[in-house]
Amino acid sequence: MTSGPPTGVPVDFAAALADLRRQALRSEVRLTEIPAPRRVAPFSVALSGDVLPGAPPGPAGRDRSDDHDYSHDHAEEPLATGRFVVLHDPAGQEAWHGTFRVVTLVRATLEHEMAADPMLADVAWSWVGEALESAGLVRGTDTVAEGGTVTRVLSQSYGALEGTPEAVDLEIRASWTPLDTRLGTHLSAWATLLTMAAGVPPLPEGVAALTRRFTDRSKQRHTVGP
């Protein structure tokens, strides 16, 4: 007996989900599956991610999907948060130039001094290209139709909160079209973008990342549906 995707799920989308689950990410990045948008495309999956300071180490390649949720115990706020959404329309969509679309969000709070840098938005957008390249993705070959926005908001406190250090909230929204179903590398690129925004140093060459997986909810209504 052969196994296959759940009834009604396209083979390409099932292959993309399987590749996402196989992708290893850094230990600082914690993933959770969340309800995916249902009106933009017939099939979709969405993940939220946090970059946590001092996440517990473990053996490289170990499946820790059943571990206790460390994020609930950690006293510190995440260094960065975001979302990674995969949309799939077997018929394709003209604006996508393909049948898949990756839509990402990254949010982080930066030092106040960075708010005055007129190049902050340009630098933040350059991180998107660097993150894709770090995952081995080549523009025009592996991805097309990239686009996005960078927003920064300067927060200054008053009254009872006066004295709270000023900070700038940075938000990066980026989307692109993958040209095949190997979406694990795209998840890796987004995770790299998260850590860049969080100010986490890159892994030294030769150091293995830890496996991060998310719950298999591909049969649930909010993940795959009309």
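Residues numbered from 1 in each chain as written. Predicted model: local features only at pLDDT ≥ 70, side-chain atom pairs only at ≥ 80, totals over all residues. Heavy atoms only, no water.

Trainee: Describe the overall build of the protein, and please don't skip the residues or the numbers.
Mentor: Within the protein one finds five helices and eight strands. Each helix and strand of the protein, ordered N terminal to C terminal, gives the series α-β-β-β-α-β-β-α-α-β-β-α-β. By residue count, 41% of the 226 residues in the protein fall in the buried class. Contacts spanning at least 24 positions in sequence make up 75% of the contacts within the protein whose residues lie at least 6 apart. In the form shown here, the protein has an accessible surface area of approximately 12,100 Å², with 53% of it arising from carbon and sulfur atoms. (Helix = DSSP H or I, 4+ residues; strand = E, 2+ residues; numbered from the N terminus. Buried < 20%, exposed > 50% of the residue type's maximum accessible area, 1.4 Å probe, protein only. Contact = heavy atoms within 4.5 Å. Areas by Shrake-Rupley, 256 points an atom, 1.4 Å probe, with all protein chains shown as cover.)

Trainee: Can you tell me about the environment of Asp-50, naming the residues and giving the values?
Mentor: When you line up the elements, Asp-50 lands in strand β3 (residues 43-51). In this structure the C-alpha to C-alpha distance between Asp-50 and Glu-28, which are 22 residues apart in sequence, comes to 7.9 Å.

Trainee: I'd like a rundown of the nonpolar core, residues and numbers included.
Mentor: Judged by nonpolar contacts, the single largest core of 43 residues is most densely connected at Leu-20, Phe-84, Val-86, Ile-172 and Leu-187. Every element with two or more residues in this core is listed here: α1 (11-22), β2 (29-34), β3, β4 (80-93), β5 (98-111), α4 (120-134), β7 (167-178) and α5 (184-198). No other element matches the eight residues that α5 contributes to this core. If near-sequence neighbours (up to four positions away) are discounted, Val-86 is found in contact with Leu-20, Phe-43, Ser-44, Val-45, Phe-100, Arg-101, Val-102 and Leu-183. Of all hydrophobic cores here, the second largest spans six residues; its members include Ala-36, Ala-41, Val-85 and Trp-96. (Core = buried A, V, L, I, M, F, W, Y, C linked by side-chain atoms within 4.5 Å.)

Trainee: Could you give an account of the packing of aromatic side chains, with specific residues and numbers?
Mentor: The tally for this structure, following the rule as stated, stands at two aromatic pairs. Centre to centre, the rings of Phe-13 and Phe-43 are 5.9 Å apart; their planes meet at 40°, and the pair counts as tilted. Here Phe-13 is found in helix α1, whereas its partner Phe-43 is found in strand β3, with 30 residues between them in sequence. Grouping residues by exposure puts Phe-13 and Phe-43 together as buried. Look at Phe-84 and Trp-190: their rings are 5.6 Å apart centre to centre, the planes differ by 45°, and that puts the pair in the tilted class. Of this pair, Phe-84 sits in strand β4 while Trp-190 sits in helix α5, placing them 106 residues apart in sequence. Relative accessible area serves as the criterion here: at 1%, Phe-84 is assigned to the buried category. The class for Trp-190 is buried, based on a relative accessible area of 0%. (Phe/Tyr/Trp six-rings, centres within 6.5 Å; stacked < 30°, edge-to-face > 60°.)

Trainee: Please set out the pattern of salt bridges residue by residue, giving values where relevant.
Mentor: With the rule as written, the count across this model stands at six salt bridges. Here Glu-171 makes a salt bridge to Arg-107, at a shortest N to O gap of 2.8 Å. You can see Glu-171 sitting in strand β7 and its partner Arg-107 sitting in strand β5, a full 64 residues away along the chain. The partly exposed category is assigned to Arg-107, whose relative accessible area is 37%. A salt bridge links Glu-146 to Arg-139; the nearest nitrogen and oxygen atoms lie 3.0 Å apart. Taking relative accessible area as the criterion, Glu-146 reaches 29% and is therefore assigned partly exposed. (Salt bridge = Lys/Arg side-chain N within 4 Å of Asp/Glu carboxyl O.)

Trainee: Give me the packing of α4 against α5: which residues, what numbers.
Mentor: Where α4 contacts α5, the two axes come as close as 8 Å, and the packing angle between them is 135°. Considering the angle they form, α4 stands oblique to α5. For the element pair α4 and α5, the recorded crossing hand is right-handed. Contacts between α4 and α5 pair Trp-127, Val-128, Glu-130, Ala-131, Leu-132 and Ser-134 from the former with Ala-189, Thr-192, Leu-193, Met-196 and Ala-197 from the latter. (Axes fitted to C-alpha atoms, helices over the stretch in contact; angles between N-to-C directions. Parallel < 35°, antiparallel > 145°, perpendicular 65-115°, else oblique. Left-handed = near helix turned anticlockwise from the far one by under 90°.)

Trainee: Can you break down α4 residue by residue, with the values?
Mentor: The end-to-end C-alpha distance of α4 is 21 Å, a good match for the 21 Å that 15 residues give at a rise of 1.5 Å each. Along α4, the residues classified as buried are Leu-120, Ala-124, Trp-127, Val-128, Gly-129, Ala-131 and Leu-132. Of the residues one or two after α4, Gly-136 is the one with positive phi, at around 85°. (Expected span 1.5 Å × (residues − 1).)

Trainee: Just give me the short version of the environment of Arg-83, but keep the residues and values in it.
Mentor: Tracing the backbone through its elements, the reader meets Arg-83 in strand β4. Note: C-alpha distance between Arg-83 and Leu-105 (22 residues apart in sequence) is 5.0 Å.

Trainee: Summarise the side chain of Thr-177; cite the residues concerned and give the values.
Mentor: Considering the arrangement of structural elements, one finds Thr-177 in strand β7. Classification of Thr-177 by relative accessible area gives buried; the value is 0%. A polar contact is formed between the side chain of Thr-177 and the backbone oxygen of Trp-96, at a distance of 2.5 Å. The contact partners of Thr-177, leaving out residues within four places of it in the chain, are Trp-96, His-97, Gly-98, Phe-100, Arg-101, Asp-142, Thr-143, Val-144 and Ala-145. (Polar contact = N/O pair within 3.5 Å; in protein donor to acceptor, adjacent residues only side chain to side chain.)

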